[in-house]
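# Observations on the three-dimensional arrangement
Chain by chain, the residues run as shown.
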Amino acid sequence: MSVKTPSKMEKIMAAGHLGVTSECGPPRGSDPEVIKEKAELLKGCVDAINVTDNQTSVVRTSSLATCIHLKLMGLEPILQMVTRDRNRIALQSDVLGAASFDIHNILCLSGDHQSFGDHPQGQNVHDLDSMQLAWAVRKMRDEGTFLGGNEIKRPPEMFVGAAANPFADPFEIRVPRLAKKIEAGVEFIQTQCIYNIDKFEEWVRQARDRGLTEKCYIMAGVTPFKSAGMAKYMKNRVPGMDVPDDVVKRMSDTPKGKQSEEGLNICVETIQRLKEVEGVAGFHIMAIEWEEKVSEIVERAGLLPRPEIN
Amino acid sequence: MIVADKKPVEEIIGYVRDCKKVLVLSCNECVTVCEAGGKKEAGMLASALRMYFANQGIADAQVDERTLERQCDQEYLEEIRDIADQYDAIVSVACGVGVQFTAEKYHSIPVFPGVNTCFMGVTEHRGLWTERCQGCGQCILAYTGGICPVARCAKRLFNGPCGGSSNGKCEINKDLDCAWQLIIDRLIAIDRLDLYEKLFDIKDWSTDRAGGPRKVEREDVQI
Amino acid sequence: MRLTYPTSFRIVRVPCSGTVDVKHILRALEKGADGVCVIGCMEGECQYKTGNLRARKRVEQVQRLLNAIGVDGERAQMYNLSSSDGPLFAKYAEDMDERIRKLGPNPMKHKTKPAA
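Report follows, based on the coordinates. As the structure is a prediction and not an experimental result, all values here were calculated from the model.

The grouping of K39 of chain B together with K23, R27 and K31 of chain C at the surface amounts to a positive patch. Counting through the fold element by element, R27 of chain C comes out in helix 1 (residues 22–30).

Have a look at this one:
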């Protein structure tokens, strides 16, 4: 795949290296130090950092502002944008705003439903859906026009991504849905956290059979368990999550004091196994409120040092 | 039909407590079928209001009931033209359309809503009504197996389910079907899963409420 | 059996308790009845399958409505009884009579003038 944007993570994956990303959730307040502390922990061990956009529908500092903080620290942000809170005018406007700071990555999402968050009585927007947003950003970038047709002066140069859940229902369209995202213009995919490796490998195999891994970088999502309780919670409470029983058992068979260590082991083993899977272009490490462990995971998984690319 | 739900009688009492003569106006259409504002429900409400006034010692209060065939058509609303003036207030237990049209036609009489108007939907079985249509003004059901993602997906997604679809249910509520699961099941049943693969264009919402209050004007039937 | 039950009772015979509507109960109360009790067949033994179950739900609806307008919801009651059980009928009638006497007269008595 040829490089189309100045995005560092795009260049790294295009050069054949495994990409590594992690994420940084903005704070529920306006203190920039919180952002900077989290980002500092990720410096040097990942290629780019996702900045979540009011995740789980809880109000936080905006994704765009947080991305700018990261950019000013010399890090590469991935602007997450959900279609829940903004219509096509606001979405395009924020894309331009990000582009004005030379933010070169965007992840297009529909967003968790507001009923999960701290303002369940709010209205949602969903003027576009996540695929339509990806399509819109590609149009802005490649054609240099807004959705309305007018020309953009200095169009955004963004590497366009989306999320995918290889485990979600309905089963019949798991791969067709990926195909559709790619058709919409998605260039990289970050997947839902993977615990059921067999099922994930089967999904990648089917994607490969359709030639999709040639058109799009698939970054496997991983999240280390901090405890057996977290494993059970993810299995039973998080919609669309597939945590096999033996993984939960492995966590709960581990003594309490060593569970977090075991969680990291599972995560590292998962990366090591998936590194060998053809069609996996990188890893997205979501260490939820556990950013200090990302460097350890990356190092133990043999993904250091990160390639230097200009 | 338009589905409504009863308002708590306390709320209605709050609207009319200072009135002496109240007309409870019901409608023979949708709200009758969904058992929120038909003749029967109007009778119950009127009876409750009369007892409320009596219990408060307001002996001269009068609460009457009347059922119109529809409150969304002028000719039926005209049926109360001769009597409307004698009332201090009308409680319309029709849908929001009926409440508004009654208020429009009886300009100087306060009209209060007696139900909460909810959605356009169906009777799944007695006592359970569910939403089917949001009247977006540009029907896409031909491409989605006859199941509407605008009305039935919590995020009105056009290009497939979100990651929260689980065992056929929506992430926001385990009792709620995932619209996209229904769509996919139906596309498989009619052997048109190919329709799913086509990327849906960005929707023109100007025919939805986004475009402001809407109207349908048909010159061919106007005289 | 020569059982006695309170003379305060007026019996209205209906083919099935399921034919008694919320409106009927409300109207009786509105016209000054101190209480209304609906007596249906034993649950599970309705000749029309669900008549007595509907009746119970309607009585509950009346109770909620009465409470909402500041009238004691206890004035409406539902009992289930086998048609051959005279002694239990007499007991339920006593129960109801006692319950209503505790509440006192219907506050609406002689105050309402139901619509024509």
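Looking now at the sheet that holds strand 3 (residues 77–82) of chain A. Residue and element names in this part refer to chain A. Reading around the circumference, 1-2-3-4-5-6-7-8 is the order of the eight strands in this closed barrel, with parallel pairing throughout. Strand-to-strand twist across the sheet, computed as the mean angle between neighbouring axes with direction ignored, equals 30°. The sheet contact formed by strand 4 (residues 105–109) and strand 5 (residues 159–164) spans four bridges and is parallel. Bridging across to strand 5, I106 finds its partner in V160. Contacts from helix 4 (residues 88–100) reach strand 3 and strand 4, with the element oriented near 170° to strand 3.

A few words on the interface of chain B and chain A. Taken residue by residue, the interface counts 30 residues in chain B and 31 residues in chain A. Buried surface at the junction of chain B and chain A, both sides included, amounts to about 2600 Å², of which 55% is carbon and sulfur. For the interface between chain B and chain A, the tally reads one salt bridge. Residue E197 of chain B is joined to R210 of chain A by a salt bridge in which the shortest nitrogen-to-oxygen separation is 3.0 Å. Where chain B packs against chain A, one counts 19 residue pairs in polar contact (both at pLDDT 80 or more).

What follows is about the interface of chain C and chain B. Listed per partner, the contact involves 22 residues of chain C and 20 residues of chain B. Between chain C and chain B, a total of about 1700 Å² is buried, with carbon and sulfur atoms accounting for 61% of that surface. Viewed at the interface, chain B and chain C are joined by two salt bridges. Across the pair K40 of chain B and D21 of chain C runs a salt bridge whose closest N-O atoms are separated by 3.1 Å. Counting across the interface, chain C meets chain B through four residue pairs in polar contact (both at pLDDT 80 or more). Contributing elements (two or more residues each) for the side of chain C that touches chain B: helix 1 and helix 2 (51–68) of chain C. By residue number, the principal contributor to the side of chain C that touches chain B is helix 1 of chain C, which donates six residues.

Let us look at the side chain of E171 of chain B. Turning to its location among the elements, E171 of chain B is positioned in the loop between strand 8 (169–170) and strand 9 (173–177). Of note is the side chain of E171 of chain B, whose polar atom sits 3.3 Å from the side chain of K155 of chain B. Contact partners of E171 of chain B, with chain neighbours within four places excluded, come to D112, H113, F116 and P239 of chain A together with K155, C162 and G164 of chain B.

Residue and element names in this part refer to chain C. Residue placement: A93 occurs in helix 3 (residues 86–103). A93 gets classed as buried once you look at its relative accessible area, which sits at 1%. Excluding residues within four positions of it along the chain, A93 makes contact with Y5, P6 and F9.

Conventions we followed
Residues numbered from 1 in each chain as written. Chains lettered and ligands numbered in written order. Predicted model: local features only at pLDDT ≥ 70, side-chain atom pairs only at ≥ 80, totals over all residues. Heavy atoms only, no water. Patch = residues over 30% accessible without salt bridge, like charges linked within 9 Å, V, L, I, M, F, W, Y side chains within 5 Å. Areas by Shrake-Rupley, 256 points an atom, 1.4 Å probe, with all protein chains shown as cover. Salt bridge = Lys/Arg side-chain N within 4 Å of Asp/Glu carboxyl O. Lys, Arg positive; Asp, Glu negative; His and termini not counted. Charge placed at Lys NZ, Arg CZ, Asp CG, Glu CD. Helix = DSSP H or I, 4+ residues; strand = E, 2+ residues; numbered from the N terminus. Pairing = 2+ DSSP bridges. Axes fitted to C-alpha atoms, helices over the stretch in contact; angles between N-to-C directions. Contact = heavy atoms within 4.5 Å. Buried area = accessible area lost by both parts, 1.4 Å probe. Polar contact = N/O pair within 3.5 Å; in protein donor to acceptor, adjacent residues only side chain to side chain. Buried < 20%, exposed > 50% of the residue type's maximum accessible area, 1.4 Å probe, protein only.

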